[in-house]
Every structure is written in C-alpha cells, then in structure tokens.
Amino acid sequence: CANANVKVATMNVLRTLPKPSSAPPKEVFRAPIWTTWAKMKTNVSQRKVLDFAQEIQDNGMVGSVIEIDDKWQSNYGDLEFDLKKFPNPTAMVDKLHEMGFKVTLWVMPFIAEDTNAYRDGKDKGYFVDSNARTGFFKWWQSPPVVALDVTNPEAVKWFCDNLRSLQERHG
C-alpha cells in the first residue's frame, strides 16, 4: 500500500478486491440513506432501529435504505450482531424489509485483538504485521485494532466470505 501518492495506493488496493457483479440498488443513489449514527451514535439496539424506521415512516418519509452504524457488533471484526443489543437480528431485518427498507451495516476492515476473527486470521497472515504486533493502531472509539491485509487474496476472500455468511444468516 506504500506508494508515492494516494491515487496509486488506492488503485493498488482496489485491484485486490473482488469486482462487483452489478450496480448497487438504485435506492442508494435516488433516495435517502437513513443512518442510525445521526440519531443514536453508538447507542444502537434492535428496538431503537425498529423505532427509528417507524418514525421515518410516521413522518411520511420513504423507507429506502437504513444503515445500522457503529457498535452493532459484539467486537470489531467478528461480524456478528451483539445479541444483548440485537436479540433477534433476523427478525429485525425481516421487519425492516417488510417496511420497505434495504438494510446495510457499517463495516470496517479492522479487527480487534480479543476477537474470534483475530484468533482465526492471525496465524494465517491475514492482518498487516499482526504477528509482530506492529500492525495494531488506535482507531476511532475502539481498542487497538489491526488492519486486514488487502494485498493478500486469501485474507480478502476470508473477509468477504464472513460478510457473505452474515448476510445469508440475517438477510
């Protein structure tokens, strides 16, 4: 990723990622994306997300896309709903779909150390310098995290497979 300028670095990273098979849904461009961050910051829960969606509709707004933002996961990188906050994420997603929303989750390619994802990927070389611990950095509101090595095709496949599994389990 180290290059003379941001454009070259970005192009190098993008070459490692799978290419989309189709365009994003038209709602992403033509209608509002309702994000929980604007109302809840990190204090999200299944009940609050459903109430937010209902509030949008009660105010006569269209239910295009709803993004569940930061802290929906138990830990950064595990790509699992925090079941204390979201006791039945599949039912929540089903209800949001019934209400006319497409659902997205805020995801980042950073992994906290005390996670199943880190334990699964560290010995496989999926993270930037994770074995030397030099790859950890402070990010946002998280404990130190390590970045996914997007130059490693196996790491990218592993991350994308985990995303696909999340999507398939919860719709």
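Quick notes on the rules
- Residues numbered from 1 in each chain as written.
- Predicted model: local features only at pLDDT ≥ 70, side-chain atom pairs only at ≥ 80, totals over all residues.
- Heavy atoms only, no water.
- Pairing = 2+ DSSP bridges.
- Helix = DSSP H or I, 4+ residues; strand = E, 2+ residues; numbered from the N terminus.
- Axes fitted to C-alpha atoms, helices over the stretch in contact; angles between N-to-C directions.
- Buried < 20%, exposed > 50% of the residue type's maximum accessible area, 1.4 Å probe, protein only.
- Contact = heavy atoms within 4.5 Å.
- Core = buried A, V, L, I, M, F, W, Y, C linked by side-chain atoms within 4.5 Å.
- Patch = residues over 30% accessible without salt bridge, like charges linked within 9 Å, V, L, I, M, F, W, Y side chains within 5 Å.
- Areas by Shrake-Rupley, 256 points an atom, 1.4 Å probe, with all protein chains shown as cover.
- Salt bridge = Lys/Arg side-chain N within 4 Å of Asp/Glu carboxyl O.

Here's the deal with the sheet that holds strand E1 (residues 33–35)
Then, number 1: The three strands are arranged E1-E2-E3 in an open sheet whose pairing can be described as parallel. Two strands in the sheet have a free side with no partner beyond their single neighbour: E1 and strand E3 (102–105). Strand-to-strand twist in this sheet, taken as the mean axis angle between neighbours without regard to direction, amounts to 25°.

Here's the deal with the sheet that holds strand E4 (residues 110–112)
Then, number 1: If you walk across this open sheet you meet the three strands as E4-E6-E5, and the pairing is antiparallel. The outermost strands of the open sheet, each flanked by one partner alone, are E4 and strand E5 (136–137).
Then, number 2: Pairing of E5 with strand E6 (residues 145–147), which is carried by two bridges, proceeds in the antiparallel orientation. By the bridge assignment for E6, Phe136 is matched with Val146.

Examining the side chain of Thr115
Then, number 1: Note that Thr115 resides in the loop between E4 and helix H6 (116–121).
Then, number 2: We classify Thr115 as buried; its relative accessible area is 1%.
Then, number 3: Leaving out residues up to four positions away in the same chain, Thr115 has contacts with Asn75, Tyr76 and Asp78.

So, the nonpolar core
Then, number 1: Formed by 34 residues in total, the largest nonpolar core has its most connected members in Ile66, Trp72, Phe86, Met92, Leu96, Phe101 and Phe127.
Then, number 2: Where this core is concerned, the elements lending two or more residues are helix H4 (46–58), strand E2 (65–68), helix H5 (89–98), H6 and helix H7 (153–170).
Then, number 3: In contact with Ile66, other than residues within four places in its own chain, are Trp34, Val49, Phe52, Ala53, Leu96, Phe101, Lys102, Val103 and Thr104.
Then, number 4: Within the second largest apolar cluster, seven residues are counted, among which are Tyr76, Met108, Trp139 and Val145.

Some points on a nonpolar patch on the surface
Then, number 1: A contiguous nonpolar patch, built from Val28, Phe29 and Ile33 and spanning about 290 Å² of accessible area, is present on the exposed surface.
Then, number 2: Tracing the backbone shows Val28 in helix H2 (residues 27–30).
Then, number 3: Classification of Val28 as partly exposed rests on a relative accessible area of 32%.

Re the side chain of Thr36
Then, number 1: Turning to its location among the elements, Thr36 is positioned in the loop between E1 and helix H3 (37–40).
Then, number 2: Discounting residues that sit within four places of it in the chain, Thr36 has contacts with Lys41, Val44, Val49, Phe52, Glu67, Ile68 and Asp69.

Keep in mind these values describe shape, not function.
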